[in-house]
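Close look at the chain arrangement
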Amino acid sequence: MPTKKQGLFQRLFGQPRPEAMETDADTLATGNTYDYGVLLELAQILTSGNERAASEMGLLAESVGAFVAARRDWCAEMDYGDFGADAAERQEETLLIFAYWLAGYQATGSPAKDPPQFGAYIDWKEETGDIIGLLTAADKNLGYGLELDQIKFDGAESTGKALSMIDGFLSAKGLALCTLDTQSDCCHLFVLRGEDHSRLEQLAERVGFSFYREFD
């Protein structure tokens, strides 16, 4: 599993994100104080209002320890633990758990212990067919009726280009594709209603998260 190294912008485009676009978590949250209460609404936006997802992110908002205790097997496989009072590590661990759990990362191989899939975890150089397959699987829980097989790919698209094409296709349906930046060599993709995108960004800022729609 990738670790925090580089930003999404640099991995996709080969250069650091311009200074004006930097979104380091510590600069986003005034005084390094993070509002974890927004995790519930963020989860609702990203999962089309799924009550289980909101409840689980409520545990995470309470504390990393509460979530780890409730999802011990999955967290053990992911090597996630409770960092207690360390504010920076608490925020980082919260970001990673939020991203991987809602994207439906299958860590244990047990449906009873792994999360349902509401997003897509992909490598930064992913086959287009695999991206479509993962987002289609997520749509079984989202219920949007994405019909991504209607997009006309030529097979030569870069990952960034394919994601831009998918976002454009979804925009015509009133939806949006975004990625939650975990500062790692992967993308956590989510589909949401286009009308909720502005609210998503507002909430994300309060907890030091960064969502992007610039892929190509």
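This one's a predicted model, so the numbers in the text were calculated from it and none came from an experiment. (Residues numbered from 1 in each chain as written. Predicted model: local features only at pLDDT ≥ 70, side-chain atom pairs only at ≥ 80, totals over all residues. Heavy atoms only, no water.)

Brief notes about helix 4 (residues 51–62)
To be explicit about the condition: Working definition: helices are DSSP H or I runs of at least four residues, strands are E runs of at least two. Numbering for both runs from the N terminus. Expected helix span is taken as 1.5 Å per residue step, with the number of steps being one fewer than the number of residues. Contacts between residues were defined by any pair of non-hydrogen atoms, one from each residue, lying within 4.5 Å. Counting of polar contacts relies on pairs of N or O atoms within 3.5 Å, with two restrictions inside protein: one atom must be capable of donating a hydrogen and the other of accepting it, and residues adjacent in sequence are counted only when both atoms are side-chain atoms.
The end-to-end C-alpha distance of helix 4 is 17 Å, a good match for the 16 Å that 12 residues give at a rise of 1.5 Å each. Residues of helix 4 that are buried in the fold lie against helix 3 (39–46), helix 5 (64–70) and helix 7 (87–103). You can read the cap of helix 4 off the contacts: a side-chain oxygen lies 3.1 Å from the backbone nitrogen of Arg-52, and it is on Asn-50.

Some words on the side chain of Glu-93
Our working definition: Burial status follows relative accessibility: with a 1.4 Å probe on protein chains alone, a residue under 20% of its type maximum counts as buried, one over 50% as exposed, and anything between as partly exposed.
Position of Glu-93 among the secondary structure elements: in helix 7. In this structure Glu-93 comes out as buried when scored by relative accessible area, which is 6%. Among the polar contacts listed, one links the side chain of Glu-93 to the backbone nitrogen of Gly-81, at a separation of 2.9 Å.

With respect to unusual backbone geometry
A positive phi is found at Ser-48, a non-glycine position, where the angle reads about 60°. When you line up the elements, Ser-48 lands in the loop between helix 3 and helix 4. Looking at Ser-48, the relative accessible area reads 23%, which means it is partly exposed. Unlike most non-glycine residues, Asp-79 shows phi in positive territory, near 65°. Looking at where Asp-79 falls in the secondary structure, it is placed in the loop between helix 6 (72–78) and helix 7. A relative accessible area of 68% means that Asp-79 is categorised as exposed.

Re the pattern of salt bridges
What counts is decided by this rule: We define a salt bridge as a side-chain nitrogen of Lys or Arg found within 4 Å of a carboxyl oxygen belonging to Asp or Glu.
Inspection of the entire model under this criterion finds seven salt bridges. Between Asp-35 and Arg-206 there is a salt bridge whose closest N-O contact spans 2.5 Å. On the criterion of sequence distance, the pair formed by Asp-35 in the loop between helix 2 (25–28) and helix 3 and Arg-206 in helix 10 (residues 197–207) is long-range, its members being 171 residues apart. Judged by its relative accessible area of 29%, Asp-35 falls in the partly exposed class. Judged by its relative accessible area of 40%, Arg-206 is partly exposed. The salt bridge partner of Arg-71 is Glu-56, with a shortest N-O separation of 3.1 Å. Here Glu-56 lies in helix 4 and Arg-71 lies in the loop between helix 5 and helix 6, a separation of 15 residues in the sequence. The class of Arg-71 is partly exposed, set by a relative accessible area of 25%. In the salt-bridge network here, residues are joined through shared partners; they are Arg-52, Glu-56 and Arg-71.

What to know about the side chain of His-188
Tracing the chain through its elements places His-188 in strand 3 (residues 186–193). Setting aside residues no more than four positions away along its own chain, His-188 makes contact with Ala-99, Tyr-100, Ala-103, Ala-120, Tyr-121, Cys-178, Thr-179, Leu-180 and Thr-182.

Section: the pairing of strand 2 (residues 175–180)
Put simply, the test is: When DSSP finds at least two bridges between two strands, those strands are taken to pair.
Along strand 2, six of the six residues are buried, which leaves the element largely enclosed by surrounding structure. Judged by which residues are buried, strand 2 turns out to be covered on both faces: Leu-175, Leu-177 and Thr-179 on one side and Ala-176, Cys-178 and Leu-180 on the other are all buried. Where strand 2 and strand 3 come together, six bridges link them in antiparallel fashion. Its bridge partner being in strand 3, Ala-176 is matched across the sheet by Leu-192. Connecting the antiparallel pair strand 2 and strand 3 is a turn made up of five residues, with Gln-183 showing a positive phi of about 55°.

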